[in-house]
Amino acid sequence: MRNLFYVLLASFFFLSCSAQSKNKGSQPLAGLKDVFSNDFLIGTALSAEQIRQTNPKESEFIRNQFNALTAENIMKSEIIHPEWGRYDFSLADQILELSKKDNQKLIGHTLIWHSQLPAYVRQLKNADSVKMFFEEHIHTVASRYDGKVLGWDVVNEALNEDGTMRKTIFLDKLGPDYVTEAFRLAQKATPNAELYYNDYNNEQPKKRAGCIEIIKKIQAAGVRIDGVGIQGHWHLGKVPFKDIEESIEAYAALGLKVMITELDIEVLPRNFSGADVNQRVASNPSLNPYANGIPDSILQKQAKDYEDLFRLFLKHKDKISRVTFWGVHDGQSWLNGWPVRGRTNYPLVFDRNLQPKPSYDAIIKLKK
Ligand code: 9MR
């Protein structure tokens, strides 16, 4: 009799738990954009496929979670300006339409970047031609989207790790004032867009000092700069919280909006930090330890890092206007292919099936 009682009790417990979990599963997932609506915009970066909206479930998910969009690649010069004097605005116009339809802010990424340049620019030998490309590109692209984008990453990644200017075709042919010139041209072409300088590792003291120098130079020339993007490509267990906080304060003290523009927390081994796309490491199975699934202990550590980061962002929400994740879900992340090709990485807060990870729960919890 007593046994029967325990069996009944256990069955009741089991049924009520499974009913609860079903119920939990059917609850719509809280949108990050709504949870942080009084704090900052929550953005994501979209691939070409996502801009084409080939997967309706994913499109709906993006609409529900994010209120700011950045094109991961298709507004870069290689794609938008593939030949001298010929532009291809098709996908850029599509992301604009998408952002209007779904009431999301659009961020232009990026006008001047040494990487993903069209081949004809990389081959230019004379300074006049580079200047002509530089001026025409900024004018044509920025003016087309004036009043339509919230802001532009006018210049991307112009600095070395030690804070000196990175050696690029622009520095080489136009000289160190090219950054100020880019902002001057952008200001003219798009008076209604915010203008940003964007970089990775610019929370680290030396690079931060270089970044502050660039900003002050732009300001001293009487040219407008509205914000600075700290990309935020960080690594599990090594997020530089102190540097990030000091940088948020230092950039805000210059009168700028601060944005976290490309957030991810990588979980796979790597022996350098940052996001220089030219740095590559040969493939090796020991560098791909979670190809068949990630241990919960790692996901919990990642959740702690995300929680501490968002706690910091909330503390400085008066200075931070946007936090953008570099991708919608783990399966899309660039970190599956860089710096080692063909790995299985887990850097975002949604998994490959668009399910929330412990990191999502941890940041949502901060607002409860
Ligand atoms: O995520 C982008 C990836 O799909 C491209 O292959 C790569 C090529 O340069 O650029 C990636 O995005 C970069 C961004 O535009 C600027 N900061 C570093 C990002 C990661 O490399």
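For clarity, every value in this text was computed on a predicted model and none was experimentally measured.

### Observations concerning the overall build of the protein
Okay, step 1: What the protein contains, in helices and strands, is 14 helices and 9 strands.
Okay, step 2: Its C-alpha atoms put the protein at 95 × 40 × 40 Å along the principal axes.
Okay, step 3: By residue count, 55% of the 368 residues in the protein fall in the buried class.
Okay, step 4: The contacts of the protein with a sequence gap of at least 6 include a subset with a gap of at least 24, amounting to 80%.
Okay, step 5: Of the roughly 16700 Å² of accessible surface on the protein, 53% is carried by carbon and sulfur atoms.
Okay, step 6: Looking at the protein, you have 47 positive and 44 negative side-chain charges, and the mean spots of the two groups are 3 Å apart.

### As for the environment of Arg166
Okay, step 1: Inspection of the secondary structure assignment puts Arg166 in the loop between strand S4 (151–156) and helix H9 (169–174).
Okay, step 2: For Arg166, the side chain forms a polar contact with the main-chain oxygen of Glu157, separated by 3.0 Å.

### What about the confidence of the model for the protein?
Okay, step 1: Scored by pLDDT, the protein comes out at a mean of 93, with 93% of its residues at no less than 70.
Okay, step 2: Contacts from residues 7–24, a stretch scored under 50 in pLDDT, to residues over four places away or in other chains number 0 contacts.

### Overview of the environment of Leu29
Okay, step 1: Relative to the assigned elements, Leu29 resides in the loop between helix H1 (2–26) and helix H2 (32–35).
Okay, step 2: By relative accessible area, Leu29 is classed as partly exposed at 33%.
Okay, step 3: For the pair Leu29 and Phe61, spaced 32 residues apart in sequence, the C-alpha to C-alpha distance is 9.3 Å.
Okay, step 4: In contact with Leu29, other than residues within four places in its own chain, are Phe61, Gln65, Phe350, Pro356 and Tyr360.

### Some thoughts on the site of the ligand
Okay, step 1: Around the ligand, a shell composed of 15 residues is seen, among which Glu72, Lys76, His109, Glu157 and Glu262 lie nearest.
Okay, step 2: In this structure, an oxygen atom belonging to the ligand sits 2.9 Å away from a side-chain N or O atom of Asn73.
Okay, step 3: In the environment of the ligand, a nitrogen atom lies 3.1 Å from a nitrogen or oxygen atom belonging to the side chain of Gln231.
Okay, step 4: When the ligand sits alone it has 450 Å² of accessible area, and the protein chains cover 84% of it.
Okay, step 5: When atoms are counted within 2 Å of each cavity's grid points, the one that captures over half of the ligand is the second largest pocket.

### Some remarks on the pairing of strand S3 (residues 105–113)
Okay, step 1: Of all 9 residues that make up S3, 8 are buried, and the element is covered over most of its length.
Okay, step 2: Where strand S2 (residues 68–71) lies against S3, 3 bridges are found, and the strand directions are parallel. Bridging from a neighbouring strand, Leu69 pairs with Leu106 of S3.
Okay, step 3: The pairing of S3 with S4 spans 5 bridges and is parallel. The partner of Gly108 across the bridge, within S4, is Trp152.

### Some thoughts on the pairing of S2
Okay, step 1: The two faces of S2 match: Ala68 and Thr70 on one face and Leu69 and Ala71 on the other face are all buried.
Okay, step 2: Where strand S1 (residues 41–46) and S2 come together, 4 bridges link them in parallel fashion. The residue bridging Thr44 from the neighbouring strand is Leu69, located in S2.

### Things to note about the layout of surface pockets
Okay, step 1: Considering only enclosed or pocket space, the second largest pocket measures out at about 370 Å³ in volume.
Okay, step 2: Looking at the second largest pocket, it is lined by 20 residues, and the ones nearest its centre are Lys76, Trp113, Gln116, Val277 and Trp334.
Okay, step 3: Residue classes in the lining of the second largest pocket are distributed as 6 nonpolar, 9 polar and 5 charged.

### Re empty space enclosed by the protein
Okay, step 1: Summed over all chains, the structure comprises 2 cavities of 30 Å³ or more.
Okay, step 2: In this structure, the largest cavity occupies an estimated 40 Å³ of space.
Okay, step 3: Taken together, Leu46, Gln50, Gln53, Ser59, Ile62, Leu98 and Asp102 make up the lining of the largest cavity.
Okay, step 4: The residue makeup of the lining of the largest cavity, split by class, is 3 nonpolar, 3 polar and 1 charged.
Okay, step 5: Approximately 30 Å³ is the volume found for the second largest cavity.
Okay, step 6: Every residue lining the second largest cavity is listed: Lys76, Ser77, Thr110, Leu111, Ile112, Trp113, Ser115 and Leu117.
Okay, step 7: For the lining of the second largest cavity, the leading source of residues is S3, giving 4 residues.
Okay, step 8: Across the lining of the second largest cavity, the residue classes tally to 4 nonpolar, 3 polar and 1 charged.

### Some words on the pattern of salt bridges
Okay, step 1: Within this structure, the stated rule accounts for 29 salt bridges.
Okay, step 2: For the salt bridge of Lys242 with Glu246, the shortest nitrogen-to-oxygen distance reads 3.1 Å. Highlighted residues: Lys242 and Glu246, both in helix H12 (residues 241–253), separated by 4 residues, approximately one helical turn.
Okay, step 3: Judged by its relative accessible area of 58%, Lys242 is exposed.

### Here's the deal with the packing of helix H10 (residues 178–189) against helix H11 (residues 205–220)
Okay, step 1: For the pair H10 and H11, interaxial distance at closest approach is 9 Å and the crossing angle is 50 degrees. As far as their axial angle goes, H11 and H10 are oblique. Classified by chirality, the crossing of H11 by H10 is right-handed. Side by side, H10 and H11 meet where Val179, Thr180 and Phe183 of the first sit next to Ile214, Lys217 and Ile218 of the second.
Okay, step 2: A per-class count over the contact of H10 with H11 returns 4 nonpolar, 1 polar and 1 charged.

Conventions used here
Residues numbered from 1 in each chain as written. Predicted model: local features only at pLDDT ≥ 70, side-chain atom pairs only at ≥ 80, totals over all residues. Heavy atoms only, no water. Helix = DSSP H or I, 4+ residues; strand = E, 2+ residues; numbered from the N terminus. Buried < 20%, exposed > 50% of the residue type's maximum accessible area, 1.4 Å probe, protein only. Contact = heavy atoms within 4.5 Å. Areas by Shrake-Rupley, 256 points an atom, 1.4 Å probe, with all protein chains shown as cover. Lys, Arg positive; Asp, Glu negative; His and termini not counted. Charge placed at Lys NZ, Arg CZ, Asp CG, Glu CD. Polar contact = N/O pair within 3.5 Å; in protein donor to acceptor, adjacent residues only side chain to side chain. pLDDT = per-residue confidence, 0-100. Near = heavy atom within 4 Å. 1 Å grid on protein atoms, 1.4 Å probe; cavity = no way out; pocket = protein on both sides within 12 Å on 5 of 7 lines; lining within 4 Å. Sits in = over half its atoms within 2 Å of the grid points. Pairing = 2+ DSSP bridges. Points joined across faces, edges and corners; volume = space filled by probe spheres on them. Nonpolar A, V, L, I, M, F, W, Y, C, P; charged D, E, K, R; others polar. Salt bridge = Lys/Arg side-chain N within 4 Å of Asp/Glu carboxyl O. Axes fitted to C-alpha atoms, helices over the stretch in contact; angles between N-to-C directions. Parallel < 35°, antiparallel > 145°, perpendicular 65-115°, else oblique. Left-handed = near helix turned anticlockwise from the far one by under 90°.

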